[in-house]
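# Chains, contacts and geometry: an overview
Read off the chains here:
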4 protein chains.
Amino acid sequence: MINVGVLGATGAVGQRFVQLLANHPWFQLTTLTASERSAGKPYGRIVNWRLDAPFPEAVADRIVSPTTVEAVKDLDIVFSALPADIAGTLEAEIAEAGVIVCSNASSHRMDPDVPLLIAEINPDHIGMIELQHDSGRDGCIVTNPNCSTIMLSSSLVPLLPKQIESVTVATLQAISGAGFDGIPGMAICDNVIPYIGSEEEKMESEPRKILGSFNGAEIEQADFSISASCNRVPVIDGHMLSVWVKAGCDLNEAKKAYAEWRAPFSGLPTQPEETLHIFEEPDRPQTRLDRNRGGGMTVSVGRIREGIRYTAMGHNTIRGAAGSSVLNAELLKTKGYI
Amino acid sequence: MINVGVLGATGAVGQRFVQLLANHPWFQLTTLTASERSAGKPYGRIVNWRLDAPFPEAVADRIVSPTTVEAVKDLDIVFSALPADIAGTLEAEIAEAGVIVCSNASSHRMDPDVPLLIAEINPDHIGMIELQHDSGRDGCIVTNPNCSTIMLSSSLVPLLPKQIESVTVATLQAISGAGFDGIPGMAICDNVIPYIGSEEEKMESEPRKILGSFNGAEIEQADFSISASCNRVPVIDGHMLSVWVKAGCDLNEAKKAYAEWRAPFSGLPTQPEETLHIFEEPDRPQTRLDRNRGGGMTVSVGRIREGIRYTAMGHNTIRGAAGSSVLNAELLKTKGYI
Amino acid sequence: MINVGVLGATGAVGQRFVQLLANHPWFQLTTLTASERSAGKPYGRIVNWRLDAPFPEAVADRIVSPTTVEAVKDLDIVFSALPADIAGTLEAEIAEAGVIVCSNASSHRMDPDVPLLIAEINPDHIGMIELQHDSGRDGCIVTNPNCSTIMLSSSLVPLLPKQIESVTVATLQAISGAGFDGIPGMAICDNVIPYIGSEEEKMESEPRKILGSFNGAEIEQADFSISASCNRVPVIDGHMLSVWVKAGCDLNEAKKAYAEWRAPFSGLPTQPEETLHIFEEPDRPQTRLDRNRGGGMTVSVGRIREGIRYTAMGHNTIRGAAGSSVLNAELLKTKGYI
Amino acid sequence: MINVGVLGATGAVGQRFVQLLANHPWFQLTTLTASERSAGKPYGRIVNWRLDAPFPEAVADRIVSPTTVEAVKDLDIVFSALPADIAGTLEAEIAEAGVIVCSNASSHRMDPDVPLLIAEINPDHIGMIELQHDSGRDGCIVTNPNCSTIMLSSSLVPLLPKQIESVTVATLQAISGAGFDGIPGMAICDNVIPYIGSEEEKMESEPRKILGSFNGAEIEQADFSISASCNRVPVIDGHMLSVWVKAGCDLNEAKKAYAEWRAPFSGLPTQPEETLHIFEEPDRPQTRLDRNRGGGMTVSVGRIREGIRYTAMGHNTIRGAAGSSVLNAELLKTKGYI
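Quick caveat, the model's predicted, so the values are computed rather than measured. (Residues numbered from 1 in each chain as written. Chains lettered and ligands numbered in written order. Predicted model: local features only at pLDDT ≥ 70, side-chain atom pairs only at ≥ 80, totals over all residues. Heavy atoms only, no water.)

### Here's the deal with unusual backbone geometry
Of the consecutive residues glycine 307 of chain B and isoleucine 308 of chain B, the connecting peptide bond is found in the cis state with omega at -20°. Topologically, isoleucine 308 of chain B is positioned in the loop between β13 (299-305) and β14 (309-314). (Helix = DSSP H or I, 4+ residues; strand = E, 2+ residues; numbered from the N terminus.)

### Overview of the pattern of salt bridges
Counted by the stated rule, this structure contains 56 salt bridges over all chains. A salt bridge links glutamate 274 of chain A to arginine 293 of chain A; the nearest nitrogen and oxygen atoms lie 3.8 Å apart. Within this pair, whereas glutamate 274 of chain A is found in the loop between α9 (251-260) and β12 (276-278), its partner arginine 293 of chain A is found in the loop between α10 (287-290) and β13 (299-305), the two being separated by 19 residues in sequence. Given a relative accessible area of 32%, glutamate 274 of chain A falls into the partly exposed group. Given the relative accessible area of 28%, arginine 293 of chain A is considered partly exposed. Note that lysine 73 of chain D is salt-bridged to aspartate 74 of chain D, the shortest N-O span being 3.7 Å. You can call lysine 73 of chain D partly exposed: its relative accessible area is 33%. Members of the salt-bridge network, linked through shared partners, are Glu70, Lys73 and Asp74 of chain A. (Salt bridge = Lys/Arg side-chain N within 4 Å of Asp/Glu carboxyl O. Buried < 20%, exposed > 50% of the residue type's maximum accessible area, 1.4 Å probe, protein only.)

### Points about the relation of the copies chain A and chain B
For the pair chain A and chain B, the best superposition has an RMSD of 0.0 Å and corresponds to a rotation of 180° with a translation of 0.0 Å parallel to the axis. Considering both components of the superposition, the chain copies are consistent with a two-fold axis. Interface residue correspondence from chain A to chain B reaches 100%, placing this contact among same-surface, isologous pairings. (Least-squares fit on C-alpha atoms with pLDDT ≥ 70 in both. Contact = heavy atoms within 4.5 Å.)

### Concerning the interface of chain B and chain D
On the side of chain D, 9 residues touch chain B, which itself brings 9 residues to the contact. Approximately 900 Å² of surface area, both sides summed, lies buried where chain B meets chain D, with 44% of it carried by carbon and sulfur atoms. There are 0 salt bridges connecting chain B and chain D. Along the contact surface separating chain B from chain D lie 0 residue pairs in polar contact (both at pLDDT 80 or more). When the residues that make up the side of chain B that touches chain D are grouped by side-chain class, the tally is 4 nonpolar, no polar and 5 charged. (Buried area = accessible area lost by both parts, 1.4 Å probe. Polar contact = N/O pair within 3.5 Å; in protein donor to acceptor, adjacent residues only side chain to side chain. Nonpolar A, V, L, I, M, F, W, Y, C, P; charged D, E, K, R; others polar.)

### A few points about the sheet that holds β13 of chain A
Neighbouring strands of a sheet are bound in pairs by backbone hydrogen bonds; such pairs are parallel or else antiparallel. All names here are of chain A. Spatially, β10-β7-β11-β14-β13-β12 is the arrangement adopted by the 6 strands of the open sheet, whose pairing is mixed. Sheet topology places β10 (225-232) and β12 at the edges, where each strand pairs with a single neighbour. Here the strands of the sheet are splayed against their neighbours by 20° on average, with no regard to which way each runs. Relative to strand β11 (residues 239-247), strand β7 (residues 164-173) runs antiparallel, the two being bridged by 8 bridges. From the neighbouring strand, leucine 172 faces β11, where its bridge partner is methionine 240. Where helix α8 (residues 199-210) meets the sheet, its contacts fall on β7, β10 and β11, and the angle it forms with β10 comes to roughly 145°. The strands that α9 touches are β12, β13 and β14 (309-314); relative to β13, the one it contacts most, it runs at about 160°. (Pairing = 2+ DSSP bridges. Axes fitted to C-alpha atoms, helices over the stretch in contact; angles between N-to-C directions.)

### Section: the nonpolar core
Of all hydrophobic cores here, the largest spans 102 residues; its most connected members are Tyr43 and Phe79 of chain B together with Tyr43 and Phe79 of chain C. Ignoring any residue separated from it by four or fewer positions in sequence, one finds tyrosine 43 of chain C in contact with Ala9, Thr10, Gln15, Val18, Leu32, Trp49, Phe55, Val59, Ala60, Arg62 and Val64 of chain C. (Core = buried A, V, L, I, M, F, W, Y, C linked by side-chain atoms within 4.5 Å.)

### What about the packing of helix α6 (residues 147-156) of chain A against α8 of chain A?
All names here are of chain A. Two elements in contact, α6 and α8, have axes separated by 9 Å at closest approach and are oriented at 45°. With respect to α8, the axis of α6 lies oblique. Where α6 crosses over α8, the handedness of that crossing is right-handed. Contact residues: Cys147, Ser148, Thr149, Leu152 and Ser153 in α6; Glu199, Lys202, Met203, Glu206, Pro207 and Ile210 in α8. Its residues assigned to classes, the contact of α6 with α8 shows 5 nonpolar, 3 polar and 3 charged. (Parallel < 35°, antiparallel > 145°, perpendicular 65-115°, else oblique. Left-handed = near helix turned anticlockwise from the far one by under 90°.)

### Some words on the domain arrangement of chain A
Residue and element names in this part refer to chain A. Domains assigned within chain A are domain 1 (2-146 + 322-334) and domain 2 (147-315). Using only C-alpha atoms to locate each centre, domain 1 and domain 2 end up separated by 24 Å. Contacts between the two partners involve 37 residues from domain 1, matched on the other side by 39 residues from domain 2. For the pair domain 1 and domain 2, the summed buried surface comes to about 2900 Å²; carbon and sulfur atoms form 68% of the total. Counting every contact that joins domain 1 to domain 2 gives 3 salt bridges. Of the charged contacts in the structure, one is a salt bridge between aspartate 181 and arginine 50, with a shortest N-O distance of 3.5 Å. Applying the counting criterion to the domain 1 and domain 2 interface returns 14 residue pairs in polar contact (both at pLDDT 80 or more). The element contributing the most residues to the side of domain 1 that touches domain 2 is helix α11 (residues 318-334), with 7 residues. Here the side of domain 1 that touches domain 2 is composed, by residue class, of 17 nonpolar, 13 polar and 7 charged. (Domains from an automatic or database assignment.)

### Considering the environment of glycine 8 of chain A
Residues and elements named next belong to chain A. Relative to the helices and strands, glycine 8 is located in the loop between β1 (2-7) and α1 (12-21). On the basis of relative accessible area, glycine 8 is assigned to the buried category, the value being 16%. For glycine 8, the residues in contact, after removing those within four places along its chain, are Gly14, Thr33, Thr67, Ala81 and Leu82.

### Quick word on the packing of aromatic side chains
Counted under the stated rule, the structure contains 26 aromatic pairs over all chains. With a centroid separation of 5.3 Å and an interplanar angle of 35°, the aromatic rings of phenylalanine 17 of chain A and phenylalanine 79 of chain A are classed as tilted. Taken as a pair, phenylalanine 17 of chain A in helix α1 and phenylalanine 79 of chain A in strand β4 (residues 77-80) lie far apart in primary sequence, 62 residues in all. With a relative accessible area of 0%, phenylalanine 17 of chain A lands in the buried category. Summarising the aromatic geometry, the rings of tyrosine 258 of chain C and tyrosine 310 of chain C are spaced 5.7 Å apart at their centres and angled 65° between planes, so their arrangement reads as edge-to-face. Highlighted residues: tyrosine 258 of chain C in helix α9 (residues 251-260) and tyrosine 310 of chain C in strand β14 (residues 309-314), separated in sequence by 52 residues. Overall, the relative accessible area of 2% leaves tyrosine 258 of chain C in the buried class. Given the relative accessible area of 0%, tyrosine 310 of chain C is considered buried. (Phe/Tyr/Trp six-rings, centres within 6.5 Å; stacked < 30°, edge-to-face > 60°.)

Right, dumping it as C-alpha cells:
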C-alpha cells in the first residue's frame, strides 16, 4: 500500500479527500493535518463532517497532525486542500523533502515546471515532473485546475483538433465552491451573485495551459482566447456552464467529435466509465440530477447546437477538486512515479 | 378616467397587472376576465393571490367576466395576460372592436404592423399603430417583448450608436417567468435547468425588431446577430443576464455611453426614475437585492468590462411583463392614442 | 427468484420502487405498469427519471404494462405506488387474484384485516394476513404507513413500554412528499406552507394502529392521543419532526430506552444497520446531512430532552414509502408468506 | 424633531433600524455608530447594504461615529442593534447619561426594572421606567423581546383572559434571524437545522414577563409553562410557529377571542392597521406571502383549531426586532417620556 495524507483535512475539499481516500484500493490514508488548534486530537472529534456522504468511521480515531513538513515527510503522497496563501511555500518545501504533492491549491498551477493535470485530458503533461527533478526537487508538485476550469477544459477537448479560435463561457456555480463558510445563506438564498473573485482570470488562463502541448521542455499554450463571466447560484454542488466555441468545423463535425471522443486510458480506481457523457435530451444536464454521474467524476455535456454552443456540468468538489486530484495520483502510480 | 380591463386576471402576470392598475392615477380597472368557470363570481373569491404584495381590496368584490370580446368591447384599453394559444385570435377581434390591446402575449409581437414596444427604448415604433388603422382596425394591438428580451434590449440601447456587430447572452432566469404552476418545486430546488422552451428563439429575434428603425411604413431590423443560452435558476423573481457585445467602440467609450444615456422622456406614472441603473460595485446587480429597484421597473447593469461584457438584471414580471405593458399604455395616452 | 411488479412506476414513489428493486437480491422486477397512454412502450422511453440516483439501465427496455389486474395476476408480489383514488378497488381485485400487494397507498391502511406494517416496529401484525385469507382472499394486501407516520411511529417505539399518554408533533416536510409535480416552485421557494391536506388526520390515527397490539383477531389500538401540525418546507427530501411525548418515565429512563432499543430482527436486504440512530450532538439530525443514513432507511432521533421532547428525521420516499414497502415484502418472505 | 441614533448600524437589525428611521415623521436620524474601523467614514461608503428595500440615500453621507457613550450622549433616543456581549455595559452607561435606550439586545430584557415591551401587547409595562428613574438613572432602557417571542406573545394575548395553562411551540425560523453572516449557505440550503442556540430558553422565559402584570413595583409573571422546539429553515425572512395552548376555553370561545381582540390604541406611525391578522384560509399564513403584511409589523394567525392549536407568523427583523423597537419609542413619546 502507498501511504498518503491530506493537508487541511477539515474543510470542504479536505473532507472530500478523506471521503474518497478512506477506502481507496491503492492508497492508505495515514495522516490528516489541520490547524495547530486541532492537532493532537482524534479526527472524528474535531471535524464537523458536513458532507451528505456518511462519515468514514475508519478514520474517526486517527490523531490529527499539524500542517507541517515534518508531519508528512515520510509519506509517498500528500493531497493538499490548503488555502492558496499557505500552500505556496509549504507545498514547495514538502516536495523538496521528497514527497509527491497532489494539490488542489492555485499557488503552483501556472509554474512552468508544474503539470496542471486532468488525467484523461492531458496525461502527457505528467512529463513536466522531470523538469522539477532536473532542478533538484526530490519529490514533485502536481496540480489540478480550478473547479470551473476542469469542466470547461474537459468539455473542450473533443473540439481541440478542430482549430478552436475563441471560447465564451458563462458559469452558474454552486455554493460549495466557496468552502463550507464561504457564502452566507442570506447572501445566496433566492439570489444570483454575478461575481466570483479571481474565477474569471483562472478560467481564461488555465485551460490554455491544460490544452497546450508539452514538448519535453515547456508548454506551448493553446492558441485561443477565452472570455468568462462567472455567476454564483443557489445550488449546493455542481457547476453548470453555457459555452460558445468558434472552431473550424460545422455542427455535425462537432457532434461527431463529441460522439467519438474517448479517454486515452481506462480502469483507474477513481476514473468514471465515461469522462464525458453526452446528453441528447433538450433539457439536460441538470445540476441536481446529473452531478453525481460516475460517482461525481463524469462531466456531462448537452445541448450541442449551432454556434457552436453547448452546456457542460460537473460536480465541483469531486471532479472539480478532490476527485481529480486523486485520479491524478492514480495516474502517477501507473506511470511509475511512485 | 380611462376604463381598462385585464384579460386573464388570475395568473402570475394577470395578478401583476391587477396590482399595478388597482390604484393607477389615470386608469380605472373596471373589468377582470378569467375562465368560464370563474366568471360571475367576485374576483376576491376566485383568485388565489400569490404575490407578496398585499391583495388590492378595492377589486375584491368586482364580478369576474368571461374572456370574450363582448366583455371588454366598451373599454378604452385591455391588458392581455392570456396564453399565446388563445391570445392570437381573441386579441385581434378585440382590436377590431375598437379597443386598444396592450398585450404581454407573444402571438402578435412579430406582426409587421404591430409595435413591439418598450416605452423608453423605441417610443417612435408607436407609429406602427397607424398601419393597423390604415388596414381598417378600429382599435389596435401594442405588444411588449418577452421578459428576457426586455432586459437585453434595454441594456443594449446605449451601445446602439456604436455599431453593434453581434451579441452573445446567457440567462439565469427566475421561476415566476413560467407562471405560478409552470415549474414544480421538485424540478428547480437545488437545481439549474439549462433549457427554456422557445426562449432562445425569442431572444434572438425580438431585439432586432425593437432596436430596428421604423421608417413610417415598416421596421428595418437592427443588423446584428444574437446567440442566446437560457437557464432556469432557483430564484423567485428577477432575470439575470451575462452579455457579450461586439461593437465598434472600446471599453471607455462603452462606459461613457452607459453613463450618458438617458430615457427620451420622463414622468409617466409607471416609469422609474432610472430606466437603466449602472452599478460600479464589482458584485452587483444581484437578483434579490436589486430586482425591486424603481418599483421593479429599473433594469440594472453592472460589471461593464473588456469584451465588451456586462451583467444586466431586472424584475421579470414587472419590467419584464405587466409593468412594461402598463407603461406602454401610458405612452399611448400621452401620444393622444386614447 | 420471486417475480415482482410495480404499479404506477413513473411517479415519485414508483421510481423509488424501481430504483430499489432493479438490483434486488431476492426479487426480480419483471413488470412495470403505468397509464394506458404509456403502456406498450419501453420504460426507458416513457419515464422522466427524476431521482438523483442513476437510472437503472437494466429496465430501460422493459415494455410497460397497463395498470390492470390482468397485467400482474401471475406475479408473486406487486408494489403499489398508485394514487388512493384508484388503489382502493384495484388493489383488492389484485389480492383476490392471488397476488401479494405491498401498498404505499392510503386506501386500505385502516382496514380491520390489513396490516399497517413497519417491519421492525410491529412485525407481529403480519398475522392479520390470515384474517384476509380466512375471508377468502387468495392473495393479500399489506400496507405501509404515511411517510410522516413512519418517522413518528418508529421514533415512539422505544417509549411504548413507558405508558405514553399523549403525543404532540409539528412536522417540517419535504417537497417530494407531494410527488414530482405536487408543489409548484413558486409556491415553496423561500416559503413555508403550514398545511398539508389530510396529513394531520393520518398522523393522528395511523400510529395508534401501528403501535397497537394484535391479539390474533383484531388490533387493540394504542391508548394515547396525538395532535399534529404539518408544515411544508423548501427541502427536496427528508421529513423532520419536533415531538413532545407525555409518558410515565423521566428523561433518564427515556434516554436509556432509546439507547437500548434494538430492532427485533436483522439482516433483511433492505434493512439498515440501525433502524433508529440516536444523535448526541445538539444540532442533529439535519435534513440534508442525515436523510441518506442507512441508505435512506434509518430514522434519526436527536435532542432528547426534558419534556420529553425530541427531534426525528427520515427520508420520506425511501424509509417513508418505497423502502419500507420493500422491507415489508422481505419480511413476508422470511415469514413464509411467499 | 426628536434626535435619534442607531448603535451598530451596519448589521442586519441595524440596517432595518436605518431603513425604518430614515424617513420617520417624528424622529430625526442624526447618529449612526459602528466599529472603530468604520468610524469617521460616510455611512454610504462603509455599509454593505443587504436589504431588498432601497438604500436610503439621505443618510449616505452621514459620518459614522464610534460606538461609545460620548457619541450618543446628546441624543434623545438611541436604538441598539448591538450584540449582547457589548450591549450589557454600554447600554447601561448610555442610560445613566440621560438617554433613552430602545434595545433589541437580550442583555437587559429580564432586568427587574426594565420593560420588555411590545407596544400593543403590554403597554402598561412602560411604567417600569419609573423604577429606573427611582434608582437614579437619568435616562432609561426599554427592551423589545426576542424575534420568536414577539410572534408567540402577540399571538397568545387574545387567549390571556381564558386562563392559559401551558403552551407548546415549534418554530420554523428564517435565516436573517442569525444576522447577515450567521448561517453559511452550505449549512441551510436544502436543509433544516433543528437547533438555535439559547432560542428555546428565551421563548420559555420572556413571554411570561411580557404577559405578566405590572403592579407598580414589580412584574408578576404569567402563570403558565412554555415548551419550545426551535428549527431553522431555508427562508430569508419570517418566523413561522406551530402553537398548542391549553386554556380554560373551548375552540369557539378561542376563535371569538381572536376575532374580537383589538390593540389598545392606534395611530402610531410604525403601528400596522392590524396588530394581529386572523386568516380563515386553511393554508395561511405563509412565510413569503404574508411576512410583509402591515409593512412587516402585522403578526398573522391562522388555522385556529381544536387543541387549541394555531399557526402564527411574522417578519422577524421588522415586527420581531427593529420595527417593534421603533414602535416602542413612539409609545414612549405619546406617554410623555420624551
